[in-house]
Number of protein chains: 2
Amino acid sequence: MEVTIVGAGLVGCLLACFLARRGHHVTLYERRPDPRERGPHGGRSINLAISERGIDALRRLGLDTKVLRAALPMPGRMMHAPDGTLTFQPYSADRRHAINSIGRAELNKELLDAATALPGVRVRFGHRLTALDERTGRLEFAGGRVHDAQVVIGADGAYSAVRARLQQLPGVSFSQDYLDYGYKELSIPPRDGRFAMDPAALHIWPRGRSMMIALPNADRSFTCTLFWPHESLAALDSPQRIRTYFAEHYPDALGLMPDLVTDYLDNPVGHLVTMRCSPWHVTTGAATVGLVGDAAHAIVPFYGQGANCGFEDCVELDRCLNEAKDDFTKALELFERRKADTDVIARLALDNFVEMRDKVGSRMFLAGKRVEHALERVVPGYVSRYELISFSTTPYAEVERRVARQRRATAGTGAALLALLYALRRASRPRPRD
Amino acid sequence: MEVTIVGAGLVGCLLACFLARRGHHVTLYERRPDPRERGPHGGRSINLAISERGIDALRRLGLDTKVLRAALPMPGRMMHAPDGTLTFQPYSADRRHAINSIGRAELNKELLDAATALPGVRVRFGHRLTALDERTGRLEFAGGRVHDAQVVIGADGAYSAVRARLQQLPGVSFSQDYLDYGYKELSIPPRDGRFAMDPAALHIWPRGRSMMIALPNADRSFTCTLFWPHESLAALDSPQRIRTYFAEHYPDALGLMPDLVTDYLDNPVGHLVTMRCSPWHVTTGAATVGLVGDAAHAIVPFYGQGANCGFEDCVELDRCLNEAKDDFTKALELFERRKADTDVIARLALDNFVEMRDKVGSRMFLAGKRVEHALERVVPGYVSRYELISFSTTPYAEVERRVARQRRATAGTGAALLALLYALRRASRPRPRD
């Protein structure tokens, strides 16, 4: 089967690998030039935290080892209090579990290499989609080039051109919800050739209304992202104001950011949006057009699941193709079932923003997390939501059902109390990094 | 001030009247040709039910008398049971209250006449907006015509071209939610020159999964609208199937619809959509672009409030212009407060579909309505939601707060019981039309 994928980003490339393995011929059309022939442009991309769902997808294609070699494991969060106090909080009761920091550009290059190495996959760079006729499958690109397709899959991200066409069809429900918050990318370079902070953690400065995070890079720098309401971000409009604000709220980071002022003034403000669409596919006449990844369900980055969810889409679509015996129309119809899962992670990602911004700094929250990890140790079968989302491939919607069942069960027994006592006992001991 | 309105439909024309009265110069750009020079095209337009909010807006411009003269008052609902039994249910405890049936095309012509009669208002028909630069205020129309504006107001309906541009701006949240239901317009012509049913009612055939309504026209016909899931509407694809279905579910209507089969097969299926957008206005550089009416907040037709709400938008924007001393940027900013109200009516319109489709046929519902009307008579200050929405200009959001207060109050007292007894006593008497 000839399959056309619009977008050769992370999800487009990974999907091409899965489809090529099934024996399909895949053409990827990508708006931008080949990133392997240029440097990254940066300034707009939050680092990715690849966790089990993403790794599982890569593993199925034998790509996990190579990708993880380039990534930095982060087994927990490091909280930075305004007075400089650091508190480390493991993500999992199992100390082997970590999420993995990797740059989007680097991962994209890896996946482009993997896809183009497969027979039957070709990538056309510099092709910006300008029109799509969902009835005939005709794609038009800037400059007047045309391609006729039977199966078109939009993997072209949150601002998908493929989805823009589907949205115009009556019966296609859609929403784009922007947060009042924007983000600004900043940087902590290496110090004397070494990481300026502990690289084995996702660093968080929870400040209530604003929040900064930092993820380690292979070059020993950190990519920082400051989240703040748009009007506040815009109000820091002079070197003096920027320095004063950071000195007051992020004093320990300020000393590590020599390029703060230029980064702040030069880098654009990013937007935080949740996109929902239903259905994700349309079959009219001979052509079928579908959506995957951010094009289908862009989410905010606060659960570190955007790319992981997109990768899991590929696994699920591969499963649907199995069930539909490679009939893409049927497979894309089956794939609609995944919306129950992506709706859940969209909501959790929004909820987690409040948690990261505000609650992770509080003692109650830290105590609660310790209770949760204690429950995981003493109650057979109890697993926390974070654990299930980040360190399992349990479908997102099933995670929520399981969390709800567990809440009812622990509320009904004395387990919570027992776990609390256990946690307090452990907390009073000298605390290793667990 | 020079103001450009895109769309010379109901809301565009009414707004032009309000603005001209304030001394502004208004140019309306309308995609279609002048409807006064052609017949209506029909087949897609549910009749309007103008009630107090719409009448209040017309009254402020001295247009109410003329418009109401062309309308047919409907003081209640007439329910058609499958066995042909008719039950009349007044909309209000006050028998003078009625909603008013009028055709969209007819009302549009009236409002076009009213607007163009005012000094400073001109309408450019046959101008389809193809591009809008919100920074410069430049509008481009099909055929290459260009117009430069400082203030642009999109009154161009649910599928607004002005909003399509705003949606592309980061930070503009938007949603379009389609119901699984579509609708098909049908007709009951006059019989021997007279109305085939009682014209002093909105007729409803509640059938659970499907529903039909009929509103009287000045020419003594009724416009019927059948609501049904899309796949069901599509499944009736032969004269035989159409007749069999209507004979089973709408037997009393079937006899009144000589053109049923051709109407059903020829008329297109309409879609039911709720559109939300936030913000409704954008000011970048010198230009301000805003939205009103369906362009800002299209709703489903089940509370009969779409046009009424759009007309009330004009009253509110007029009020905002008073407060802002005719600074349109400030006025459109103030006008954002109306979203609290339009969100409420959007939700109520969706909720009312279930009520109309299903509950209006049940005894419990009818008894409940009688209790409600009785409460309005015996409890000082008690007013039902329907009464407040349709027969008052209390802001929609305030209606919901008041309904919630009343529920708490009546639940806390014996008033409900007293009213019930009163209602039962009245119900046992021969029932006049009240």
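So, how was this worked out
- Residues numbered from 1 in each chain as written.
- Chains lettered and ligands numbered in written order.
- Predicted model: local features only at pLDDT ≥ 70, side-chain atom pairs only at ≥ 80, totals over all residues.
- Heavy atoms only, no water.
- UniProt positions renumbered as here; feature names shortened; annotations may be inferred.
- Helix = DSSP H or I, 4+ residues; strand = E, 2+ residues; numbered from the N terminus.
- Rg over C-alpha atoms; globule rule 2.2 N^0.38 Å.
- Buried < 20%, exposed > 50% of the residue type's maximum accessible area, 1.4 Å probe, protein only.
- Contact = heavy atoms within 4.5 Å.
- Lys, Arg positive; Asp, Glu negative; His and termini not counted.
- Charge placed at Lys NZ, Arg CZ, Asp CG, Glu CD.
- Core = buried A, V, L, I, M, F, W, Y, C linked by side-chain atoms within 4.5 Å.
- Pairing = 2+ DSSP bridges.
- Axes fitted to C-alpha atoms, helices over the stretch in contact; angles between N-to-C directions.
- Buried area = accessible area lost by both parts, 1.4 Å probe.
- Salt bridge = Lys/Arg side-chain N within 4 Å of Asp/Glu carboxyl O.
- Polar contact = N/O pair within 3.5 Å; in protein donor to acceptor, adjacent residues only side chain to side chain.
- Least-squares fit on C-alpha atoms with pLDDT ≥ 70 in both.

- As annotated in an unreviewed UniProt entry, chain A carries the name Kynurenine 3-monooxygenase and is attributed to Nonomuraea jiangxiensis.
- As stated in UniProt under Catalytic activity (unreviewed entry), the record for chain A gives "L-kynurenine + NADPH + O2 + H(+) = 3-hydroxy-L-kynurenine + NADP(+) + H2O".
- UniProt's Pathway (unreviewed entry) comment on chain A is quoted here verbatim: "Cofactor biosynthesis; NAD(+) biosynthesis; quinolinate from L-kynurenine: step 1/3."

## Points about the overall build of chain A
(1) Moving on: Secondary structure summary: chain A contains 17 helices and 19 strands in total.
(2) Moving on: The C-alpha radius of gyration of chain A comes to 23 Å, within 12% of the 22 Å expected for a compact globule of 434 residues.
(3) Moving on: The C-alpha extent of chain A, read off along each of the three principal axes, is 65 × 55 × 40 Å.
(4) Moving on: By residue count, 55% of the 434 residues in chain A fall in the buried class.
(5) Moving on: Considering only contacts in chain A between residues 6 or more positions apart, those separated by 24 or more positions represent 72%.
(6) Moving on: For chain A, the centre of its 58 positive side-chain charges and the centre of its 51 negative side-chain charges are spaced 4 Å apart.

## Regarding the nonpolar core
(1) Moving on: Counting residues in each nonpolar core, the largest one holds 146 residues, and the members touching the most others are I5(A), L14(A), F311(A), I5(B) and F311(B).
(2) Moving on: Residue contacts for I5(B): discarding those within four places in its chain leaves G12(B), L15(B), A16(B), L19(B), V26(B), T27(B), L28(B), Y29(B), I153(B) and A155(B).

## Here's the deal with the sheet that holds strand β7 (residues 99-102) of chain A
Residues and elements named next belong to chain A.
(1) Moving on: Reading across the sheet, the three strands line up as β3-β7-β4 and stay open at both edges, with antiparallel pairing between neighbours. Bordering the open sheet on either side are β3 (48-50) and β4 (72-74), each of which pairs with just one other strand. Across this sheet, the average inter-strand angle for adjacent strands is 40°, counted without regard to direction.
(2) Moving on: Relative to β7, β3 runs antiparallel, the two sharing three bridges. For L48, the partnering residue across the bridge sits in β7 and is I102.

## What to know about the interface of chain B and chain A
(1) Moving on: Listed by partner, the interface residues are twelve residues for chain B and twelve residues for chain A.
(2) Moving on: In total, chain B and chain A occlude about 1000 Å² of area from one another, counting both sides; carbon and sulfur atoms represent 45% of this.
(3) Moving on: Of all residues in chain B, the largest losses of buried area upon contact with chain A belong to F174(B), Q176(B) and Y178(B), amounting jointly to 44% of the total for that side.
(4) Moving on: The tally of links from chain B across to chain A stands at zero salt bridges.
(5) Moving on: Inspection of the chain B/chain A interface yields eight residue pairs in polar contact (both at pLDDT 80 or more).
(6) Moving on: Sort the elements by how many residues they give to the side of chain B that touches chain A and strand β13 (residues 173-188) of chain B lands first, with six residues.

## Observations regarding the relation of the copies chain B and chain A
(1) Moving on: Between chain B and chain A, which share one sequence, the superposing operator has a rotation angle of 180° and an axial displacement of 0.0 Å; the RMSD is 0.0 Å. Here the two chains are linked by the operation of a two-fold rotation axis. Among all residues of chain B, the one whose C-alpha sits closest to the rotation axis is S175(B), at a distance of 1.9 Å.
(2) Moving on: Most of the interface of chain B is mirrored in chain A, where 100% of its interface residues again form contacts.

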